[in-house]
Amino acid sequence: MESRERKRGGGNLVFAVNGERFEVTSIDPSTTLLEFLRSQTRFKSVKLGCGEGGCGACVVLLSKYDPVRDQVEDYTVNSCLTLLCSINGCSITTTEGLGNSKEGFHAIHHRIAGFHASQCGFCTPGMCVSFFSVLLNAEKRNRPDLSPDFSKLSVSEAEKAIAGNLCRCTGYRPIVDACKSFASDVDIEDLGLNSFWHKGESKENKVNKLPSYDSSCQLSTFPEFLKEELQSTVLLDSERYSWYSPVSIGELQGMLESKGANDMTRAKIVVSNTGTGYYKELASYDTYIDLRKIPELSIVKRGSTGIQIGAAVSITKAIVELKDSGKDIMYDDAKMLLRKIADHFDKIASGSVRNSASIGGNLAMAQRSGFPSDIVTVLLAVDALVEIVTVSKWETITLEEFLERPPLDSRSIIVSVKVPIWKQESHCKLMFETYRASPRPLGNALPYLNAAFLAEICPCHGTDRFKVNHVRLAFGAYGTKHAIRARKVEEILVGRTLDHEVLQETMKLVRATVVPEDGISHPSYRMSLAEAFLFEFLQMLSETSVEFSGVGLNGYIDSQSGTGYGVEKCDISHSPPQLLPAKQTIISSSEHHPVGEPIAKTGAALQASGEAIFVDDIPSPADCLYGAFIYSTKPLARVTGVHFKSGSPPNGVAAILCYKDIPVEGENIGARSIFGSEPLFASDLTRCAGERIALVVADTQKHADIAAALAVVDYDTENLEPPILTVEDAIERSSFFEIPPFLNPEHVGDFNEGMAAADHKILSAEIRLPSQYYFYLETQTALAIPDEDNCMVVYSSIQAPEFAHSVVAKCLGVPANNVRVITRRVGGGFGGKAIRAMPTAAACALAAHRLHRPVRMYLNRKTDMIMAGGRHPMKITYSVGFKSDGKITALHFVLLINAGISEDISPILPSNILNALKKYNWGALSFDIKVCKTNHTSKSAMRAPGELQGSFIAEAVIEHVAASLSMDVDFVRNRNLHSYDSLTLFYKHGAGEPTEYTLPTIWDKVATTSRYNQRLDMVKQFNEIHKWRKRGISRVPILHEVLLRPTPGKVSILQDGSIVVEVGGIELGQGLWTKVKQMTAYALSLIKCGGTEDLLEKVRVIQADTLSMIQGGFTAGSTTSESSCEAVRISCNMLVERLTPVKDSLQQKTGSVKWEALISQAYLQAVNLSASAHYVPESTSMKYLNYGAAVSEVQVNLLTGETTILRSDIIYDCGQSLNPAVDLGQIEGAFVQGIGFFMLEECLSDPDGLVTSDSTWTYKIPTVDTIPKQFNVEIMNSGYHQKRVLSSKASGEPPLLLAASVHCATRAAIKEARRQLASWGGLEGSEANSPFQLSVPATMPVVKELCGLHVVESYLKASLANPSRSN
Ligand SMILES: Cc1cc2nc3c(=O)[nH]c(=O)nc-3n(C[C@H](O)[C@H](O)[C@H](O)COP(=O)(O)OP(=O)(O)OC[C@H]3O[C@@H](n4cnc5c(N)ncnc54)[C@H](O)[C@@H]3O)c2cc1C
Ligand code: FES
Ligand code: FES
């Protein structure tokens, strides 16, 4: 015992990470687990994606040991929010702890790689830990072992495992498959494309080929040494760590008393600290008081009157307890109530947040700061009680009273909350239902509004109806101080029998009661939700006749069929995500073995095990400093000073640099493209909100970030012109960027003639398209290290190292050969790490140059979002002429592109837009395009820049024409597809050979494979039957021109026969290295000697280094993989040519030649075994067209505006794919990113243009629960293409355009909704039939507004006026 005491270092912070013991003798108590792991250990797999609990990149497994029960509890937590001091005595497992390349990967790592579930790999470690946790916990459950090769996990659990993890690359489907492959109830045939088995193999073979998983030899997550140590004291030395863990209420009270109210401002009461994900903290505290060791706060007591949940109990534990408590309760209704509370809690945040987030913390945040809590709303409806202790006073009050009080005093502690057991009168029935409408059903999204309703109802004698005896209605999260009870509404319901008249009266009152405060977004939408949810709750009674003894009242109604009581259950949140088995159809080819084969992505297993090194994982050199940008919040102003409120710079600040610190021989340059450059820092005048003004350099990244956030910038706008914030302003002030003549698209035909031939015209219709943020999981980052002789080495996560190189050299004023930029891999780029990555690299280099110390920077998510620029917003005004049969004869449009403050790549936008828009034969096409210079951050390339908008504009015009003619839109699309002749007219040489025009084939094929026509009928039938849900289906073609650019490549063969390859292209997750490896193996195998079959294993592609491989250019435009491959192929051909004489002579001597022997001989003969080439595509074949088509079907919930993508089918022509698995990943990932643009991702800014969608709270990319429920993809092999690299075609960007099919399907569903609304009198007749614009993104509020904010009111009015019509 004594030795243990000694070992624990007397109150030291001791814990384990992946089985290793850590003892930390002093630490700033605000240090998070993530900060510690990343800066003080070698376990860098834990990634920082947001620092808010919103992305899951930082998820680790936390294991706690209970010595009394000798049991280990394992659950995931977000290490970015977990304070290090709070893990004293715990064990942490990261993905490195599961396995690695040296000692063997874990089955999870193997399966992630084999199912092609990792692209850039930045999200992958977090995904693996989330998987591991569900597997581990499933094994612990008391379930029978169903199959020896599988775990006890079920498919539905596997699907939910990653609900809180974001991935921007893959589209999630393969990740879910990798996870499902462990599930005992999985049908192996349902799993998608993988590298383990081939199509057609027997089930048994398939199972045998899965990397083995042995549930019986589970990893021990809690090391024995720590168990032993835990026998002694586990409390930290409070003084030394400023971390107090009172073990009784009495001790806590004493502490609070001794502190006094003033002292408490420097003290922080903490449970799991997840609150800081929302309320970011800049202030530091002297003391932390951890409530978790106080028994009253940590237990759940079940009694006959209720369940008392300690305030420090986690949401996950509360869910388990609520569900379990039901077992002890006799009343079904009370059981049901507890279960529904638990079900609602299950939708809060993500699993990893719920595992630690406490009930009391949630209540405190809601009461003190107005946090839009779900817990409060639900508990308010069931009349929960709250127990509070304030220094010496104990009290128990109702939750309602608690909320009405002034914000909880800093010395008041919530002890517990009690959920009462409800008992109804014997002849009555309890009804309870909870609701929430949020941008994503499960994946970490706060609700627009939540609600919970409790009612006791009794039969009305002599009728089949009910009377309301008692009712409690709670609404919250809609933009009020806190959740409310709608008392007036309750009052009018009590004692009433529910009929449509009562409902109408009730709805009116709800509208007057649930009123968001000023400044809250989407107020009308939120009000309409309140109405919709209550309506749904009440109509179950008013419209039905239910047997009282039946289970029905509170039972679920089949949400898919909408049958049940003739009333549809509309709350989609009740249906967990269920991905249906999907088909991936590929044709692999062995003609150019191993090119064309679906091999797994190079490095995927390393990415999974956390061994892959990203820029921020490179250990900090000695003396390293850290930077953070101070950016402008004004669009156009003189910067008169930068200072700190406190007068002196905050802790750790070493310097603040601005444009004045640029060396005299250097230049104020932060980025450049072929069109122009932009300054690194604003000089005296800042020209947009989000522009870099200065760089704070500090001793840690945290200190730099805090200092930058605390910096105050003084502005002066006197005598300045107003900023140009809209494209209309730009027109007025003639503020444009020039479009170089070679990028000026040409008109086609004569517009006036086309218009003259038209039977109908639409004139000056308008569309606006918004921006989109990249949301790469790894934000901008660089590390600059000064080297001898005034040189600078910069590690940058960039898609264009060559350009960063020249920017750094210019900025520092040194020759280019003094600079070296190195890029190994990029944690997601999507165009955002091309030009936009340069300022980070340049700023680090400048600071390193000035301070003579290494400087690194990893932008926090907020700064990244504010400065990123992103996709170009634009305004389009079009006029179109068309015949009565749907044939379009002429299109003219005026396009105003908001390019922001500098050129960046904006001048390419017009031609990109045109190239995608010309997918239809418009007859004649003319346009007027302006690239507007505005006082916004510079917009840049984002995956399919311009093409995405061009393709969408084309669809919007087609939809408009079809609507005007009341014609089927698919017919109009068909009518206007190109013939090969018209294609040649629109695309000239780019059209290629007639056989290459595969779109008509794809178009027909996708209709067949998706059963488009049959499903169209089914959709019609569905819409006839269903009132509150409407479906839509849409088929959309795409055509996307790409351009090959010159690219270098170098292949070197080492003495042992292994091969090293360098290419200009950067590995961004798109599989470039994999294709390059395949190409190298193929091209070198043409030497035709023994041992070349496994050349693939011998090839290593190494990091890009701008001094080793010059002229690397940009990795962009979807073609860098193929051009890099071609450069490598040319290099290999040279080597083969040099090796051939050696081989021939060896062959003559020995008969057969092995690769290794050949290379040895070549070395002896001093053959040059390094060859490099600069591939320059021929001018006639550098452009080519890509084709694809998609059919998507969606379901819109008319009450909430939620759109569910039921199914998407894609066919995409990849030529002869270089690697169908990689291309499939690109297609699916791009499509899902497109769904984000069209349906979810809202880029908002304040009136000054400062981005306000600046966090995971405000910007919602797709999660696993928002992708198509069924997602079928076919990669078409269109055979031989003379001018393509081994007949291959691009896949990175074009499929993104196909996501417009989801938007168009949504429009079709809304059309049906509007038709119905019109029949209820909710729309004027003309309005009902006239075309409507569906904005991008079609978020829930947007969809709901078009379906009718007052749809319930209209329905009730109609049904009252004509009861038979509306039922
Ligand atoms: C990514 C994410 C998503 C989320 N989504 C949702 C959601 O959809 N719906 C929802 O309702 N909530 C949501 N939450 C909020 C979450 O429930 C709370 O963050 C959590 O419950 C707070 O618990 P904690 O133990 O981490 O509190 P802490 O962060 O430790 O504390 C939060 C605050 O409460 C104070 N406090 C804590 N306990 C007590 C106590 N017993 N008495 C007095 N003061 C106390 C602390 O001093 C602090 O000010 C989300 C949170 C995150 C991070
Ligand atoms: S970094 Fe922790 S959840 Fe995003
Ligand atoms: S692989 Fe998931 S974010 Fe890149």
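This is a predicted model, so every value here is computed, not measured. (Residues numbered from 1 in each chain as written. Chains lettered and ligands numbered in written order. Predicted model: local features only at pLDDT ≥ 70, side-chain atom pairs only at ≥ 80, totals over all residues. Heavy atoms only, no water.)

(A) Structural detail: the overall build of the protein chain. Secondary structure assignment for the protein chain yields 43 helices and 44 strands. For 1367 residues, the compact-globule formula gives about 34 Å, and the C-alpha radius of gyration of the protein chain, at 32 Å, lands near that figure. Put simply, of all contacts in the protein chain between residues at least 6 apart along the chain, 78% involve residues at least 24 apart. Summing over all exposed atoms, the protein chain offers an accessible surface of approximately 48,000 Å²; the carbon and sulfur share of this is 50%. (Helix = DSSP H or I, 4+ residues; strand = E, 2+ residues; numbered from the N terminus. Rg over C-alpha atoms; globule rule 2.2 N^0.38 Å. Contact = heavy atoms within 4.5 Å. Areas by Shrake-Rupley, 256 points an atom, 1.4 Å probe, with all protein chains shown as cover.)

(B) Representation of the UniProt feature "active site" (unreviewed entry) in the protein chain. Mapped onto the present numbering, the UniProt feature "active site" (unreviewed entry) falls at Glu1293. Positionally, glutamate 1293 belongs in the loop between strand 44 (1270–1276) and helix 38 (1294–1297). Once residues lying within four places of it in the same chain are set aside, the contact partners of glutamate 1293 are Arg943, Ala944, Pro945, His1040, Gly1117 and Ser1118. Engagement of the side chain of glutamate 1293 in a polar contact is seen with the backbone nitrogen of alanine 944, the distance being 2.8 Å. (UniProt positions renumbered as here; feature names shortened; annotations may be inferred. Polar contact = N/O pair within 3.5 Å; in protein donor to acceptor, adjacent residues only side chain to side chain.)

(C) Just the pairing of strand 36 (residues 1029–1043), in detail. Burial of strand 36 is extensive: 14 of the 15 residues sit out of reach of the surface. As paired elements, strand 36 and strand 42 (residues 1183–1197) share 15 bridges and run antiparallel to each other. By the bridge assignment for strand 42, proline 1037 is matched with alanine 1189. (Buried < 20%, exposed > 50% of the residue type's maximum accessible area, 1.4 Å probe, protein only. Pairing = 2+ DSSP bridges.)

(D) Just the UniProt feature "binding site: [2Fe-2S] cluster 2" (unreviewed entry) in the protein chain, in detail. The feature "binding site: [2Fe-2S] cluster 2" (unreviewed entry), as given by UniProt, occupies Cys120, Cys123, Cys167 and Cys169 in the numbering adopted here. For the residues just named, distributed over 50 residues, the greatest C-alpha separation is only 9.4 Å, placing them together at one site. Along the polypeptide, cysteine 120 turns up in the loop between helix 3 (107–114) and helix 4 (124–140). Excluding residues within four positions of it along the chain, cysteine 120 makes contact with Cys169, Gln607, Phe614, Val826, Gly827, Gly828, Leu1068 and Gly1069. You can see cysteine 167 is positioned in the loop between helix 5 (155–160) and helix 6 (173–180). Here cysteine 167 falls in the buried class, since its relative accessible area comes to 5%.

(E) How the structure looks around the packing of aromatic side chains. For the coordinates displayed, the defined rule picks out 37 aromatic pairs. Taking 6.3 Å as the distance between ring centres and 85° as the angle between the ring planes, the aromatic pair formed by phenylalanine 115 and tryptophan 197 counts as edge-to-face. Here phenylalanine 115, found in the loop between helix 3 and helix 4, pairs with tryptophan 197, found in the loop between helix 6 and helix 7 (203–209); they are 82 residues apart in sequence, far enough to count as distant. By relative accessible area, which is 1% here, phenylalanine 115 ends up buried. Given the relative accessible area of 9%, tryptophan 197 is considered buried. When the centroid spacing of 5.2 Å and the interplanar angle of 85° are considered together, the rings of phenylalanine 182 and tyrosine 213 count as edge-to-face. (Phe/Tyr/Trp six-rings, centres within 6.5 Å; stacked < 30°, edge-to-face > 60°.)

(F) Highlighting the site of ligand 1. In the vicinity of ligand 1 there are 35 residues, among which Ile269, Thr274, Gly275, Ser358 and Asp374 approach most closely. For ligand 1, an oxygen atom lies 2.9 Å from a polar atom in the backbone of asparagine 273. Out of a free accessible area of 980 Å², ligand 1 has 95% covered by protein chains. Those elements that provide at least two residues to the shell around ligand 1 are strand 7 (267–270), helix 15 (359–369), helix 16 (374–381) and strand 13 (412–420). No other element matches helix 15, which puts five residues into the shell around ligand 1. When grouped by side-chain class, the residues that make up the shell around ligand 1 number 20 nonpolar, 11 polar and four charged. (Near = heavy atom within 4 Å. Nonpolar A, V, L, I, M, F, W, Y, C, P; charged D, E, K, R; others polar.)

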